[in-house]
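Residue-level listing of the chains:
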Amino acid sequence: MSQENKAMSAVFLTVLFGFAGFSLPYPVFGPMFLKPELGFLDPSIPEQYRTILLGVAMALYPIGQFIGAPWLGRLSDRVGRKPVLMASLFGAASGYIVVAIGVASANLPLVLVGRFVSGLCEGNMAIAQSIASDISTPANKVRNFGLITVAINVGWIVGPLMGGFFSDPSIHPSFNVSWPFFFAAGMYGFNLLVVAVVLHIPEYARRRGRTKDDQAIAGRTVWATLTDPVLLPGYAVSFASYFAIYLFFCFFGVYLVQTSDVTSSFLGMCSAIISIPLILAGLTVERAQRPLGLRGVAALGHMLLAIGLITFVLPDGLVWVFVPMCIAAFGIAWCEVTTSLFISNGAGAHEQGQALGIYRSVHVLAEAAAVLTGGVLAGLDNTSPFMVGGIAALICVIGILGWVKSSALIPARADGAAE
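Residues numbered from 1 in each chain as written. Predicted model: local features only at pLDDT ≥ 70, side-chain atom pairs only at ≥ 80, totals over all residues. Heavy atoms only, no water.

1. Side note on the environment of V337
Structurally, the position occupied by V337 is in helix α14 (residues 322-346). For V337, a relative accessible area of 0% translates into the label buried. For the pair V337 and V285, spaced 52 residues apart in the sequence, the C-alpha separation amounts to 7.9 Å. Leaving out residues up to four positions away in the same chain, V337 has contacts with V142, F145, G146, T149 and V285. (Helix = DSSP H or I, 4+ residues; strand = E, 2+ residues; numbered from the N terminus. Buried < 20%, exposed > 50% of the residue type's maximum accessible area, 1.4 Å probe, protein only. Contact = heavy atoms within 4.5 Å.)

2. Concerning the side chain of S361
The residue S361 is located in helix α15 (residues 352-380) in this model. In this structure the side chain of S361 is engaged in a polar contact, spanning 2.7 Å, whose partner is the backbone oxygen of F66. (Polar contact = N/O pair within 3.5 Å; in protein donor to acceptor, adjacent residues only side chain to side chain.)

3. A look at the packing of helix α3 (residues 47-79) against helix α4 (residues 81-104)
Where α3 contacts α4, the axes come no closer than 8 Å and their chain directions differ by 155°. Between α3 and α4, the angle is such that the two are roughly antiparallel. Where α3 crosses over α4, the handedness of that crossing is right-handed. Within the contact between the two elements, α3 uses Y61, L72, G73, L75, S76, D77 and V79 and α4 uses R81, P83, V84, S88 and Y96. Within the contact of α3 with α4, the residues separate by chemical class into seven nonpolar, three polar and two charged. (Axes fitted to C-alpha atoms, helices over the stretch in contact; angles between N-to-C directions. Parallel < 35°, antiparallel > 145°, perpendicular 65-115°, else oblique. Left-handed = near helix turned anticlockwise from the far one by under 90°. Nonpolar A, V, L, I, M, F, W, Y, C, P; charged D, E, K, R; others polar.)

4. Some thoughts on a nonpolar patch on the surface
Judged by side-chain polarity, I63, F66, I67, W71 and L365 come together as a nonpolar surface patch covering roughly 470 Å² of accessible area. In terms of residue count, α3 provides more of the nonpolar patch than any other element does, four residues in total. Along the chain, F66 falls in helix α3. (Patch = residues over 30% accessible without salt bridge, like charges linked within 9 Å, V, L, I, M, F, W, Y side chains within 5 Å. Areas by Shrake-Rupley, 256 points an atom, 1.4 Å probe, with all protein chains shown as cover. Salt bridge = Lys/Arg side-chain N within 4 Å of Asp/Glu carboxyl O.)

5. Remarks on the packing of helix α2 (residues 26-34) against α3
Between α2 and α3, whose axes approach to 9 Å, the crossing angle comes to 150°. With respect to α3, the element α2 is oriented roughly antiparallel. Considering the relative orientation of α2 and α3, their crossing is right-handed. Judged by residue contacts, Y26, F29, G30, F33 and L34 of α2 engage R50, T51, L53, L54, A57 and M58 from α3. Taken together, the residues of the contact of α2 with α3 break down into eight nonpolar, two polar and one charged.

These values are about where atoms sit, not about what they do.
Structure representation (structure tokens):
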């Protein structure tokens with residue numbers, strides 16, 4: 001296996017484990033915080049306070065990512081990708097050990113501290129994307145970023161399955177709610193070992209960004225990168241894109257419960273079914289990019305997302321909701337790939353980590369905005385989160401098609417010609 005393929009295998013594993021670790025607590029924290037009989041919180045604590053504490057515990061992880069991603073990316077631009085990635089994986093594993101001990105000992109402060117530390121260190125998604133950018137050529141960059149999207153979506157499937165499996169004592173008497181977090185710590189430890197052994201950045205990738213102009217860009221502050229006139233439109237489109245994506249992901253289950261009183265097993269089946277177009281789109285984005293170009297794929301992906309969101313509330317029968325869900329899911333994967341490529345292609349070779357770290361923070365901020373906005377909208381009208389999400393996706397289409405063309409955002413073809 002070539003150095004490039006080994007590096008991409010390490011990147012794929014890091015992203016997959018990262019998103020599996022991120023989604024792993026979802027089936028665990030709800031019962032743990034809300035059911036007094038499990039004994040994690042004092043039984044005298046009323047339900048309204050339990051939900052607040054649950055929200056805090058869930059929010060600390062993305063808050064940590066929001067803070068950590070730009071700075072981990074910036075550090076990797078200066079110190080090197082591999083050592084910073086290894087340090088962040090060690091920190092994430094340590095954070096999950098703290099969470100596991102806190103869960104096992106019913107110690108809420110330990111859980112909260114561990115969640116924040118693991119989120120802070122899991123900003124390494126920016127480093128993984130930066131490595132993919134460093135080792136890619138114009139001929140394979142779209143494919144490599146498409147594989148990252150596949151890893152993200154597989155992680156979203158694997159994480160909740162692991163969390164539910166290892167916390168269920170009916171499967172094995174020794175399993176309990178602390179097991180998923182000990183397992184996650186071991187998972188990150190294994191990831192650290194793989195990166196240490198497998199990841200070797202090719203020399204041509206290490207040489208990138210050594211010109212005087214690139215070195216000058218590398219010295220910029222996070223704010224200067226965020227407000228760069230080439231990158232700022234990409235960050236704005238990315239925010240609107242992920243705002244629409246999370247309105248779909250976070251509220252399709254809420255809508256189905258409100259309108260059809262579906263079971264958790266049905267929602268689990270929904271997640272499994274839409275994983276198919278999510279993965280398929282990640283594998284086909286490179287082929288679609290050849291005739292359409294990156295901007296064309298981005299516009300089409302956001303159009304599919306808008307169609308899926310707006311039509312989701314139309315079907316009368318539950319069977320038919322899978323059609324708009326799959327349309328939206330296919331578009332989501334293309335949105336994820338193309339928005340990250342807009343930022344990577346627009347950033348200097350010596351600024352990939354910082355630029356993609358900011359991109360990750362924008363992603364997390366959009367998620368928080370979608371959850372808060374959607375919660376208010378769903379209480380007023382259960383269809384409104386999808387209408388607003390569809391409008392946000394259409395705004396992305398308009399923004400992408402009306403974007404002032406910049407050569408920095410248009411990758412070269414394999415033959416060296418501009419796209």
